[in-house]
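Descriptive analysis of the structure
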Amino acid sequence: MIYLIAIGSNSYSRFGSPINNLKNSIKLLETKNIQVLKKSSIYLSPPKDFRKAAGTFYNAVIMVNTSLKPKNLLRELKKIESLMGRHKYKKNTSRTCDLDIILHKSKDIIRDDTSELTCFIPHPEMCNRNFVMAPLTEICPNWRHPLEEKSILTISKRKFFTDRLYKATNVL
């Protein structure tokens, strides 16, 4: 199955800078038999909905291929977040690594909150986040959102984002 995963970081870890965190997260994915097919550019954005000051976020989207079912992929992503030093103490806090399934190459809509892990595909907030939509538009503009029934490019063009976003020169 092909998935789109948002990847982000805004704090240092034992691996170094947020950019190094993104790169190391991708390496860890590949050790879990999750093949990276495409990588977007890195986009910088200020923290969104944070109550306390936090560093700039470094965000990207990657397209992956894996035999894992959505819930099992999510489990692996959470393990990688933990290996990268992410600890969820409070909502909207700084993080060394944030990995979220955004879409998958299927028209199926997944709403699974039957266990400790909640898996929603498409991600319920994806269309409201410029730091997700810009990299998605870059690597898969023609993918269709199964609920909106529109392409990623069309959704991006119709949205008015007020948050600032900067494309970095760094590559993953």
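For the structure given in this document, a descriptive report is provided here. Bear in mind that the values here come from a model prediction, so they are computed numbers and not experimental data.

**A closer look at the overall build of the protein**
The helix and strand tally for the protein stands at four helices and ten strands. Computed over its C-alpha atoms, the radius of gyration of the protein comes to 15 Å, within 12% of the 16 Å expected for a compact globule of 172 residues. With the C-alpha coordinates of the protein rotated into their principal frame, the extents come out at 40 × 35 × 30 Å. Counting every position in the protein, which comprises 172 residues, the buried fraction comes to 48%. Sequence-distant contacts in the protein: of pairs separated by 6 or more residues, those separated by 24 or more amount to 67%.

**Digging into the pattern of salt bridges**
Under the definition given, this model contains six salt bridges. In this structure, Lys-78 and Glu-81 form a salt bridge, with 3.2 Å as the shortest nitrogen-oxygen distance. With a gap of three residues between them, Lys-78 and Glu-81 both fall in helix H2 (residues 70-83), about one helical turn apart. Lys-78 gets classed as partly exposed once you look at its relative accessible area, which sits at 23%. The shortest N-O distance in the salt bridge between Arg-86 and Asp-98 comes to 2.9 Å. Here Arg-86, found in the loop between H2 and strand E5 (98-104), pairs with Asp-98, found in strand E5; they are twelve residues apart in sequence, far enough to count as distant. According to the relative accessible area criterion, Asp-98 is buried, its value standing at 14%. Because the salt bridges share partners, they merge into one network encompassing Lys-78, Glu-81, Arg-86, Arg-95 and Asp-98.

**Considerations on helix H1 (residues 18-31)**
When the terminal C-alpha atoms of H1 are compared, their 20 Å separation across 14 residues agrees well with the 20 Å that a helix rising 1.5 Å per residue should span. Taken residue by residue, H1 has Pro-18, Ile-19, Asn-21, Leu-22, Asn-24, Ser-25, Ile-26 and Leu-29 as its buried positions. Buried residues along H1 sit against strand E1 (2-9), strand E2 (35-39), strand E4 (57-65) and H2. One or two positions beyond H1, positive phi appears at Asn-33, with a value near 65°.

**What to know about the side chain of Arg-86**
The class of Arg-86 is buried, set by a relative accessible area of 10%. A polar contact is formed between the side chain of Arg-86 and the backbone oxygen of Cys-97, at a distance of 3.5 Å. At 2.9 Å, the side chain of Arg-86 and the side chain of Asp-98 are in polar contact. With residues near it in sequence (within four places) discarded, Arg-86 still touches Glu-81, Arg-95, Thr-96, Cys-97 and Asp-98.

**Some remarks on the state of the cysteines**
Under the counting rule described, the total for this entry stands at zero disulfides. Not part of a disulfide, Cys-119 finds its nearest cysteine sulfur in Cys-127, a span of 17 Å. Relative accessible area serves as the criterion here: at 3%, Cys-119 is assigned to the buried category. Cys-140 takes part in no disulfide bond, and the closest cysteine sulfur, belonging to Cys-127, lies 12 Å away.

**Observations concerning the side chain of Asn-21**
When you line up the elements, Asn-21 lands in helix H1. Sequence-distant contacts of Asn-21, that is, excluding residues within four places in its chain, are made with Ser-9, Ser-11, Tyr-12, Ser-13, Phe-15, Gly-16, Met-84 and Thr-96.

Cut-offs applied
Residues numbered from 1 in each chain as written. Predicted model: local features only at pLDDT ≥ 70, side-chain atom pairs only at ≥ 80, totals over all residues. Heavy atoms only, no water. Helix = DSSP H or I, 4+ residues; strand = E, 2+ residues; numbered from the N terminus. Rg over C-alpha atoms; globule rule 2.2 N^0.38 Å. Buried < 20%, exposed > 50% of the residue type's maximum accessible area, 1.4 Å probe, protein only. Contact = heavy atoms within 4.5 Å. Salt bridge = Lys/Arg side-chain N within 4 Å of Asp/Glu carboxyl O. Expected span 1.5 Å × (residues − 1). Polar contact = N/O pair within 3.5 Å; in protein donor to acceptor, adjacent residues only side chain to side chain. Disulfide = S-S within 2.5 Å.

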